[in-house]
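Understanding the architecture of this molecule
One letter stands for each residue in the lines below.
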Amino acid sequence: MAHTVGNRNLARRAGRLLRTSLFAQVLIALLLGVLVGRLWPDAGAALQPLGDGFVRLIKAMIAPLVFCVVVAGITKAGDLKAFGRIGVKALIWFEVATTVALVIGLLAGNVLAPGAGMNVDPATLDKSAVDEQTGGGHLPSTAQFILESLPDSAVGAFAENSLLQVLVLACLVGAALLHLGQRKVPQILPFIEQAQDVVFTIVGYIMKLAPLAVFGATAHLVGEYGVGAMSTYGKLIAVCYGVALLFLVLLALALKAVTGLSLWKFVRYTREELLLALGTGSSETVMPRMMQKLRAAGCRDDAVGLVLPTGYSFNLDGASIYLSIGTLFIAQAVGVDLTLGQQVTVVLVLMLTSKGMAGVPGSAFLALSATASALGVIPAAAVALLLGVDRIMDSMRVATNLLGNCVAVFAVSRWEGALDRVTAKRVMNGEEPGSAPVQTETPPVNTAKDG
């Protein structure tokens, strides 16, 4: 009898966990997706719309959410200069982090040589496959990238879901509210905060579909690519994932040194979001939830609202690792020995091209093609060698990009005095998982300019 009662209690607890834990739901969906894709590959490959539809719904909420968080953050901070300092410090952090990622990738590519011995004849490769993957697009030049970051229509910035354009608009609105001062802020700020709450509520509704999205995306990945790519590109995959792990260790050390916080505890704190990002192959699906959790972990609104969205364009650490190793891989595969000067060129080119990748279809192949053209010694068709493994690299890129951006939020917040470390440690220890952040070092709303 006691044994039966114990089994019933265990079953109840398991059922309650499955109903209430997004992590458990997503994990089960991930395992089911692998199973379906492995046993019924055709059916699994046809389930991609489940993941794509979820990503589209989340993306629809990102622009209004970023706008509300940034405007509210600037207005509460009461200091536009502080917001500018946060932006400059974020860009410095981004450039250092991505350069370190590129250099580590090149060092690993030289030492481990993942493409050595393949002896591929470039004449046998089909460059049209790369053109099909990229849709005939191109990465923007530096001037074009900066120009396209400026909105030509307030509505268009939201319609095109351009985060940089939305950030520019949010900065302008925040600056205007600071100028209006005490006369208008009490009337406008509550409306913006209410709109923000509405967006977060909608995101909560959409997140209920997350397990279905992970199931579809995983079944498609396994069904479409199977395990064949693992045997053909096993060494390349191992090198990329190994370097990403090393980079995350360096990030953990940097986070500990700058803020005293533990990256491992942050991973445990955000395990649901990380698993969802891995399952869907997109870090954008968890941006709203990550913003919530970073704010709850003691980061001030203006730092979260500026650093995290900007990092999605400027701080692609995982992509930088992949691009540097990928460039050496295709060079080694076709028998091209790059000199030290040419590898320095690779770093310089990728430092620029990696900043314009966000939102461009087939951006990794465009960046690799641009690098090959700049070197002049790697056949452009050799980029096609990575077509079979690119999707498998998504998990590495997504996890590294996402954690790199979250570490940047903590580091820049600490640098600017916009981080409540006491709250951060409590939340990451599980003591106050749902609490709102304590705003520290935040001056009152500027009321000097009220006319």
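First, a word on scope: everything that follows refers to the structure included in this document. Please read these numbers as outputs of a predicted model, since none were measured by experiment.

What counts, and where the lines are drawn
- The numbers attached to residues start from 1 for each chain and follow its sequence in the written order.
- Local features are withheld for residues below a pLDDT of 70 in this predicted model, meaning they are given only at 70 or higher, and side-chain atom pairs are given and counted only at 80 or more; totals for whole chains, interfaces and linings count all residues.
- To obtain the side-chain values, all non-hydrogen atoms of the structure were used and water was disregarded.
- Strands are runs of DSSP state E lasting at least two residues, helices are runs of H or I lasting at least four, and both sets are numbered from the N terminus onward.
- Categorising residues by exposure relies on relative accessible area from a 1.4 Å probe, with only protein chains included: less than 20% of the type maximum marks a residue as buried, more than 50% marks it as exposed, and the intermediate range marks it as partly exposed.
- What makes two residues a contact is simply this: any of their non-hydrogen atoms within 4.5 Å.
- Shrake-Rupley sampling with a 1.4 Å probe provides the accessible areas, and residues are treated as covered by the protein chains on show and by no other component.
- Buried Ala, Val, Leu, Ile, Met, Phe, Trp, Tyr and Cys residues that are joined via side-chain atoms within 4.5 Å together make up what is termed a nonpolar core.
- Angles run from 0 to 180 degrees between N-to-C directions of axes, and those axes are lines fitted to C-alpha atoms, restricted for helices to the stretch in contact.
- Just so you know how the angles are binned, under 35 degrees is roughly parallel, over 145 roughly antiparallel, 65 to 115 roughly perpendicular, and the rest oblique.
- In this scheme, a crossing is called left-handed if the near helix is turned counterclockwise away from the far one by less than a right angle; it is called right-handed if the turn is clockwise.
- Think of it as three bins: nonpolar holds Ala, Val, Leu, Ile, Met, Phe, Trp, Tyr, Cys and Pro, charged holds Asp, Glu, Lys and Arg, and polar takes everything else, Gly as well.
- We define a salt bridge as a contact between a side-chain nitrogen of Lys or Arg and a carboxyl oxygen of Asp or Glu at a distance within 4 Å.

A word on the overall build of the protein chain. Check the secondary structure of the protein chain and you find 22 helices and 0 strands. A buried classification covers 51% of the 451 residues belonging to the protein chain. Within the protein chain, residue pairs in contact and separated by at least 24 positions form 84% of the contacts whose partners lie at least 6 positions apart. A total accessible area of about 19900 Å² is found for the protein chain, and carbon and sulfur atoms account for 64% of it.

Here we take up the nonpolar core. Of all hydrophobic cores here, the largest spans 127 residues; its most connected members are Val66, Leu236, Phe266, Leu386 and Phe410. The biggest single contributor to this core is helix 4 (residues 48-77), with 14 residues. Not counting the four nearest positions on each side in its chain, Val66 is found in contact with Leu163, Val166, Leu167, Met287, Met291, Gly305 and Pro309.

On to the packing of helix 4 against helix 17 (residues 301-314). It is at 7 Å that the axes of helix 4 and helix 17 come closest, and there the two elements cross at 140°. The angle between helix 4 and helix 17 places the two elements in the oblique class. Here helix 4 runs over helix 17; the crossing is left-handed. Residues Val66, Val69, Val70, Gly73, Ile74, Lys76 and Ala77 of helix 4 lie in contact with helix 17, whose contacting residues are Asp301, Asp302, Gly305, Leu306 and Pro309. For the contact of helix 4 with helix 17, a count of residues per class yields 7 nonpolar, 2 polar and 3 charged.

Counted under the stated rule, the structure contains 11 salt bridges. As a salt-bridge pair, Glu284 and Lys59 come within 3.2 Å of each other at their nearest N and O atoms. Here Lys59 lies in helix 4 and Glu284 lies in the loop between helix 15 (271-280) and helix 16 (287-296), a separation of 225 residues in the sequence. The network of salt bridges with shared partners includes Lys76, Glu193, Arg295 and Asp301.

The next subject is the packing of helix 13 (residues 234-259) against helix 21 (residues 394-416). Axis separation between helix 13 and helix 21 bottoms out at 10 Å; the angle between their running directions is 10°. Here helix 13 lies roughly parallel to helix 21, going by the angle between them. Across the interface between the two elements, Cys240, Tyr241, Ala244, Phe247, Leu248, Leu251, Leu255, Val258 and Thr259 from helix 13 touch Ser395, Met396, Thr400, Leu403, Gly404, Val407, Phe410, Ala411 and Arg414 from helix 21. The residue makeup of the contact of helix 13 with helix 21, split by class, is 13 nonpolar, 4 polar and 1 charged.

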